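Residue-level structural notes
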Amino acid sequence: MSDWKSRDRKYVWHPFTQIQTAPEPIVVTRAKDTILFSEDGKEYIDCNSSWWVNVHGHGNEHIANAVAEQVIKLDHVIFAGVTHPKAIELSERVAELLPQQLQKVFFSDDGSTAVEVALKMAFQFWHNQGKPKNRILAMDGAYHGDTFGAMSVGQRGYFNEPFESFFFDVDFLSFPSKSNENELLEEAEMLFAKGEFAALIVEPLVQGSAGMRIYDASWLDKLVAIAQKHQVLVIFDEVMTAWGRTGKLFAMDHCALKPDIVCLSKGLTGGVLPLGLTVATEQIFQAFLDREKSKAFLHGHSFTGNAIACAAACASLDIFEQEGTWQNIARIANFYQDKFSELENHPAIESVRMIGTILAIDLKTGEGNTYFSSIRDQAYDFFMKNGILMRPLGNVIFLNPPYCITDEQLHFSYLKILEFASSLDN
Ligand SMILES: Cc1ncc(COP(=O)(O)O)c(C=O)c1O
């Protein structure tokens, strides 16, 4: 055991890890573009974009320079009673990129807090108008983060069991498929007609943690139309789907109808620093304006609007203005498209799906799709041994790489996927 590893074992408590049985973590000491370099001289292709955040890869110089400049100029300043140019610039640029009605930007720290803020905004929006509504409609399999509000609107079971008695009431709609689409819309119509729902929250088009499950924009449009007809606020949690992941800047760009609130994080800063944004309509914002202070949105975090994170986010937006970024996104999607039928026809593969830079493969298990599939650890170890960091979600293996991944790295990862699938077929 190297020194780093023993020191880690002694003091560090890792997330989402049963430390008693988990293998030792690898010690990454450096990263550049898509490659993670470990202390023992090994290299790993970061096919996971390090929990889906490093959209431009690691060690991006444009972002690094912006961060360095900002640290010297203004590192951090309290964000109540004070503002600063980078937060203003970022708000302007994000509002300009989003549909016109999404205008008011609230800052927080990560995906979970961006969702927490959205939920609190939705509840208080109705409360401030003297029309309290206390129900939320979410979707089966949802993952919106690990704080209490975000957990409440997420899939129950597995991860949340010890906390379930503390969650607020949420109704869950089944995940849509061709066979139940209309039924679900009727169910939503019936629920919303009760007038008790403050909001609908969804991960638009792709449920990430549920196994990169993809559904149609046209169905989502119909669901949003029903919510809007019944004056239910619509929250899109774009924490994972934004910043080019689905082939467009935001997943909502595939939809005709737009949400009232959107949650952004992960790739917002290029994955370099933590930052969350919750962007709401002018109408929502107006409901918080009053002579009474108690009607204000009395929520905030010490690091709200952190100037260095804002500078990183502005630099990341510069990179999205470059044609090369979009060419890379299209190149990755084309690569998946080329390989799609070969994967679909593989005897060890149950099904394949893709959208933008996400490719997901359900491996046949004989035990259905489950997060605790025994294949998960087997796959993780296989890919790590082959220099690929991929974190399968149960029996779902997926690619969600930085956009700078090279053709060679993509091809190598693809060959290893085939090799692993074939090893299961024997
Ligand atoms: C859709 C979605 N929402 C929220 C979150 C929570 O984000 P964070 O881990 O930054 O708190 C995640 C994280 O994976 C996510 O995928």
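Residues numbered from 1 in each chain as written. Predicted model: local features only at pLDDT ≥ 70, side-chain atom pairs only at ≥ 80, totals over all residues.

Concerning the overall build of the protein
As a reminder, the rule being used: Working definition: helices are DSSP H or I runs of at least four residues, strands are E runs of at least two. Numbering for both runs from the N terminus. Computation of the radius of gyration draws on C-alpha atoms, with the globule rule given as 2.2 Å multiplied by the number of residues to the power 0.38. With C-beta atoms placed from the backbone, the exposure class of a residue follows from how many other C-beta atoms lie within 10 Å of its own: 20 or more, buried; 12 or fewer, exposed; in between, partly exposed. Contact definition: two residues whose C-beta atoms, as placed from backbone geometry, lie within 7 Å.
Regarding its fold elements, the protein presents 13 helices and 16 strands. For 426 residues, the compact-globule formula gives about 22 Å, and the C-alpha radius of gyration of the protein, at 22 Å, lands near that figure. Its C-alpha atoms put the protein at 65 × 55 × 45 Å along the principal axes. In the protein, buried positions account for 45% of the 426 residues. Contacts spanning at least 24 positions in sequence make up 73% of the contacts within the protein whose residues lie at least 6 apart.

Here's the deal with the nonpolar core
Which entries qualify depends on this criterion: A set of buried residues drawn from Ala, Val, Leu, Ile, Met, Phe, Trp, Tyr and Cys, joined through C-beta atoms within 7 Å, is what defines a nonpolar core.
With 119 residues, the main nonpolar core has Ala-118, Ala-122, Ala-199, Ile-235 and Ala-312 as its most contacted residues. With ten residues, the top contributor of residues to this core is helix α10 (residues 307-320). If we ignore the near neighbours within four places in the chain, the residues touching Ala-118 are Ile-235, Ile-261, Cys-263 and Thr-278.

Focus on the sheet that holds strand β2 (residues 35-38)
This is how it is decided: At least two bridges found by DSSP between two strands is the condition for calling them paired.
Read from one edge to the other, the open sheet built from four strands follows the order β1-β2-β3-β15, with strand pairing classed as mixed. Taken across any chain shown, the strands that pair with only one partner, and hence form the sheet edges, are β1 (28-32) and β15 (388-389). Here β1 runs beside β2; their pairing, made up of four bridges, is antiparallel. The partner of Ala-31 across the bridge, within β2, is Leu-36.

A look at the packing of helix α3 (residues 61-73) against α10
When two helices pack together, their arrangement is captured by the angle between the axes and the distance separating the axes. The test is simple: Simply put, an axis is a line fit to the C-alpha atoms, just over the touching stretch for a helix, and the angle between two N-to-C directions goes from 0 to 180 degrees. Geometric relationships in this document are graded by angle, where less than 35 degrees denotes roughly parallel, more than 145 denotes roughly antiparallel, 65 to 115 denotes roughly perpendicular, and other angles denote oblique. By the definition used in this description, the sense in which the near helix is turned from the far one sets the handedness, with an anticlockwise turn below a right angle giving left-handed and a clockwise turn giving right-handed. Residues are grouped as follows: Ala, Val, Leu, Ile, Met, Phe, Trp, Tyr, Cys and Pro are nonpolar; Asp, Glu, Lys and Arg are charged; all remaining types, including Gly, are polar.
Taken N-terminus to C-terminus, the directions of α3 and α10 make an angle of 150°; their axes are 8 Å apart at the nearest point. It follows that α3 is roughly antiparallel to α10 by the angle criterion. As for the relative orientation of α3 and α10, their crossing is right-handed in sense. Here His-62, Ile-63, Ala-66, Val-67, Gln-70 and Val-71 of α3 lie close against α10, whose contacting residues are Ala-307, Ile-308, Ala-311, Ala-312, Cys-314, Ala-315, Ser-316, Asp-318 and Ile-319. Each residue belonging to the contact of α3 with α10 can be placed in one class, and the counts come to eleven nonpolar, three polar and one charged.

Topic: the domain arrangement of the protein
For clarity, the cut-off: All domain edges in this entry derive from an automatic or database-based domain assignment.
Assigned domains of the protein: these are domain 1 (3-59 + 323-425) and domain 2 (62-320). Distance from the C-alpha centre of domain 1 to the C-alpha centre of domain 2: 26 Å. Counting residues at the interface gives 24 residues for domain 1 and 23 residues for domain 2. Residue assignment for the side of domain 1 that touches domain 2 shows that the elements contributing at least two residues are α2 (49-52), α11 (323-344), β13 (349-355), β14 (358-363) and β16 (396-399). Among the residues forming the side of domain 1 that touches domain 2, the class breakdown is 13 nonpolar, ten polar and one charged.

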